[in-house]
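In case you want the letters, here they are:
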Amino acid sequence: AGGKGKKKKWSKGKQKEKVNNAVLFDKGTYEKLLAEVPKYKMITPSILSDRLRINGSLARAAIQELVGKGLIRPIVQHSTQVIYTR
């Protein structure tokens, strides 16, 4: 009974679009960070990464810097996702 019918074709699967995020700040992105980010209602590394096109570790570093300057303050201190507000 087996092996006679048409062989099932595997779908290629959905390809996730590769995002090419910056690894270091350039002048424009950095100024945008200082100007706009403190105005966001909610600030997380994911949001910064998405909106400023920077990578996650850069987003975390940026958030630490904004906290240091007193521009934003933490709400939820979780090991993986820390949430901040203005």
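Just so it is clear, the structure is predicted and the values come from calculations on it, not from any experiment.

With that out of the way, let us pick up the nonpolar core. General note: in soluble globular proteins, nonpolar side chains tend to be found buried as a group. One finds Leu33, Val37, Ile43 and Leu48 to be the most contacted residues of the largest nonpolar core, which totals 16 residues. For this core, the element with the highest residue contribution is helix H3 (residues 56-68), accounting for five residues.

For the rest of this paragraph, the subject is the side chain of threonine 44. If you trace the backbone, threonine 44 turns up in the loop between helix H1 (27-36) and helix H2 (45-52). Judged by relative accessible area, threonine 44 falls into the buried class, the value being 6%. In contact with threonine 44, not counting residues within four places along its chain, are Ile63, Gln81, Val82 and Ile83.

Another point: the pattern of salt bridges. Evaluation of the coordinates by the stated rule reveals two salt bridges. Salt-bridge contacts for lysine 27 lead to glutamate 31; the nearest nitrogen and oxygen are separated by 2.8 Å. On the criterion of helical spacing, the pair formed by lysine 27 and glutamate 31 is a turn pair, its members being four residues apart in helix H1. Residue lysine 27 is classed as exposed on the basis of its relative accessible area of 64%. Owing to a relative accessible area of 43%, glutamate 31 belongs among the partly exposed residues under this scheme. In this structure, lysine 69 engages glutamate 65 in a salt bridge whose closest nitrogen and oxygen atoms are separated by 3.5 Å. Judged by its relative accessible area of 33%, glutamate 65 is partly exposed.

Attention now goes to H3. An ideal rise of 1.5 Å per residue puts 18 Å on 13 residues; H3 measures up with 18 Å between its terminal C-alpha atoms. The set of residues buried in H3 consists of Leu58, Ala59, Ala62, Ile63 and Leu66. Down the axis of H3, the buried set is contained in an arc of 140 degrees. They therefore lie on one face. Buried residues along H3 sit in contact with H1, H2 and strand E2 (83-85). A positive backbone phi angle near 75 degrees is found at glycine 70, which sits one or two residues after H3.

As a further point, take the side chain of serine 49. Here serine 49 is to be found in helix H2. Looking at serine 49, the relative accessible area reads 15%, which means it is buried. Excluding anything up to four places from it in sequence, serine 49 contacts Asn21, Ile54, Asn55 and Ala59.

What counts and what doesn't
- Residues numbered from 1 in each chain as written.
- Predicted model: local features only at pLDDT ≥ 70, side-chain atom pairs only at ≥ 80, totals over all residues.
- Heavy atoms only, no water.
- Core = buried A, V, L, I, M, F, W, Y, C linked by side-chain atoms within 4.5 Å.
- Buried < 20%, exposed > 50% of the residue type's maximum accessible area, 1.4 Å probe, protein only.
- Helix = DSSP H or I, 4+ residues; strand = E, 2+ residues; numbered from the N terminus.
- Contact = heavy atoms within 4.5 Å.
- Salt bridge = Lys/Arg side-chain N within 4 Å of Asp/Glu carboxyl O.
- Expected span 1.5 Å × (residues − 1).
- Arc of directions from axis to C-beta.

By themselves, these are just geometric observations and shouldn't be taken as functional.
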